[in-house]
Amino acid sequence: MDIKIYVPCHQKSYVPESNIMIPIQAGAALLGERFEHMLHDDEGDNISEKNRMYCELTAQYWVWKNQSSDYVGFFHYRRYFNFSPIQLNEDGWGNIEYKEPLNEHILSELNIDDTKMAALISNYDVIVPKKRRLPGRETIQLQYAHAEGQHIKDLKCVLEVAAEKYPEYRNSIDEYLQSKEAYECNMFIMRRSLFEEYAAWLFDILFEAEKRSDYSDYNETELRALAYIGERLFGIWYVHNKKQNSWKTLELQRTLFRDTSIEKKFHVDKDE
């Protein structure tokens, strides 16, 4: 069983040595430095130069077009799943927060181990972060509308495209946006065939929305609109298809590492 979980990094970060967790430099085309011992999202078919708009989604696009494995997953350089059966304490945002540098003790506590991870992953079709209930009366749509540097017109544009291209999703779009429970952080692990379906759906929508929009006067935060909305699209896609299919799914806690500074050397074979 070939399982690959990609860890997008926009800065040099410690990623533990693993045959499953593969670090990838996101936005490599825009940086003057190529990070060693990582894959780079500007090789082959890529959208690396759009990283300021798409953030970690440029890495997802690259994996879709250039890699193959039985399972495909995505973490962040600061966010992994908790693979342990023990539920750990969370902060107010649904994170298991670690303030000390990422280390072997933390990895052991989370069961970040190739054998343990593979044994769990192989039992499921899709693994997602545990959904988070939003505070107060916030819905997912209101959360986006109230967020600093995000404009509701961008969300409406993307959703209009989604409804036009995929009308069967209309009810799921409305249902998810009015929900108070969100699947956050663009994290998941799924069978390759499902990832292929998801990526084709996601980028078909986002690329069309990009064509219809003008971001020329946006600042750095505003320019990330498609990445922020892409996170909401994943929730829509997951909720819709979970209902339509007999998937075996699992929700896992997610982490927040405050310090992922490079303290250990790691190696990745780019041909894997």
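Residues numbered from 1 in each chain as written. Predicted model: local features only at pLDDT ≥ 70, side-chain atom pairs only at ≥ 80, totals over all residues. Heavy atoms only, no water.

(A) The nonpolar core, seen in detail. Counting residues in hydrophobic clusters, the biggest one holds 60 residues, and the most contacted among them are Phe195, Trp201, Phe203, Leu233 and Trp237. Tyr71, Tyr98, Ile112 and Ile189 belong to the second largest nonpolar core, which has 34 residues in total. (Core = buried A, V, L, I, M, F, W, Y, C linked by side-chain atoms within 4.5 Å. Buried < 20%, exposed > 50% of the residue type's maximum accessible area, 1.4 Å probe, protein only.)

(B) A look at the pattern of salt bridges. Applying the stated rule across the entire model yields 19 salt bridges. Of the charged contacts, one joins Lys243 and Glu175 as a salt bridge, the two residues approaching to 2.6 Å between their closest N and O atoms. Here Lys243, found in helix α9 (residues 225-244), pairs with Glu175, found in helix α7 (residues 170-177); they are 68 residues apart in sequence, far enough to count as distant. For Lys243, a relative accessible area of 54% corresponds to the exposed category. Note that Arg254 and Glu184 form a salt bridge whose closest N and O atoms lie 3.1 Å from each other. Here Arg254, found in strand β11 (residues 254-257), pairs with Glu184, found in the loop between β8 (181-182) and β9 (188-191); they are 70 residues apart in sequence, far enough to count as distant. Overall, Arg254 belongs to the buried group, its relative accessible area being 4%. Several salt bridges converge on common partners, so that one network encompasses Arg34, Asp42 and Glu43. (Salt bridge = Lys/Arg side-chain N within 4 Å of Asp/Glu carboxyl O. Helix = DSSP H or I, 4+ residues; strand = E, 2+ residues; numbered from the N terminus.)

(C) Structural view of the sheet that holds strand β10 (residues 249-252). What the seven strands build is an open sheet, ordered β3-β2-β1-β4-β9-β6-β10; its pairing is mixed. The sheet is open, and its two borders are formed by β3 (39-40) and β10, each paired with just one other strand. Relative to strand β2 (residues 21-25), strand β1 (residues 3-9) is paired through five bridges, and the arrangement is parallel. The residue bridging Cys9 from the neighbouring strand is Gln25, located in β2. Taken strand by strand, helix α4 (residues 114-121) contacts β1, β2, β4 (71-74), β6 (126-129), β9 and β10, and its axis lies near 115° from that of β1. (Pairing = 2+ DSSP bridges. Contact = heavy atoms within 4.5 Å. Axes fitted to C-alpha atoms, helices over the stretch in contact; angles between N-to-C directions.)

(D) Here's a closer look at the side chain of Arg79. With respect to the helices and strands, the residue Arg79 is situated in the loop between β4 and β5 (95-98). A polar side-chain atom of Arg79 sits 3.5 Å from the main-chain carbonyl oxygen of Thr255. Apart from the residues within four sequence positions on either side, Arg79 is in contact with Asn95, Cys185, Met187, Arg254, Thr255, Leu256 and Phe257. (Polar contact = N/O pair within 3.5 Å; in protein donor to acceptor, adjacent residues only side chain to side chain.)

(E) Broad picture of the packing of aromatic side chains. The final tally for this structure, using the stated rule, is 30 aromatic pairs. Judged by centre distance (6.3 Å) and plane angle (70°), the rings of Phe81 and Phe83 are edge-to-face. In this structure, Phe81 and Phe83 share a single accessibility class: buried. Of note, Lys50 hangs over the ring of Phe207, and the distance from its end group to the ring centre comes to 5.5 Å. Sitting above the plane of the Tyr124 ring, Lys248 keeps its charged end 5.2 Å from the centroid. (Phe/Tyr/Trp six-rings, centres within 6.5 Å; stacked < 30°, edge-to-face > 60°. Lys NZ or Arg CZ within 6 Å of the ring centre and 35° of its normal.)

(F) Up close: the packing of α7 against α9. At their nearest, the axes of α7 and α9 sit 9 Å apart, and the two run at 120° to each other. One finds that α7 runs oblique with respect to α9. When you trace α7 past α9, the crossing you get is right-handed. Here Ser172, Ile173, Glu175 and Tyr176 of α7 lie close against α9, whose contacting residues are Arg232, Gly235, Ile236, Val239, His240 and Lys243. Residue composition of the contact of α7 with α9, grouped by class: four nonpolar, three polar and three charged. (Parallel < 35°, antiparallel > 145°, perpendicular 65-115°, else oblique. Left-handed = near helix turned anticlockwise from the far one by under 90°. Nonpolar A, V, L, I, M, F, W, Y, C, P; charged D, E, K, R; others polar.)

(G) Focus on the environment of Gly235. Relative to the helices and strands, Gly235 resides in helix α9. For Gly235 and Lys131, which are 104 residues apart along the polypeptide, the C-alpha to C-alpha distance reads 9.5 Å.

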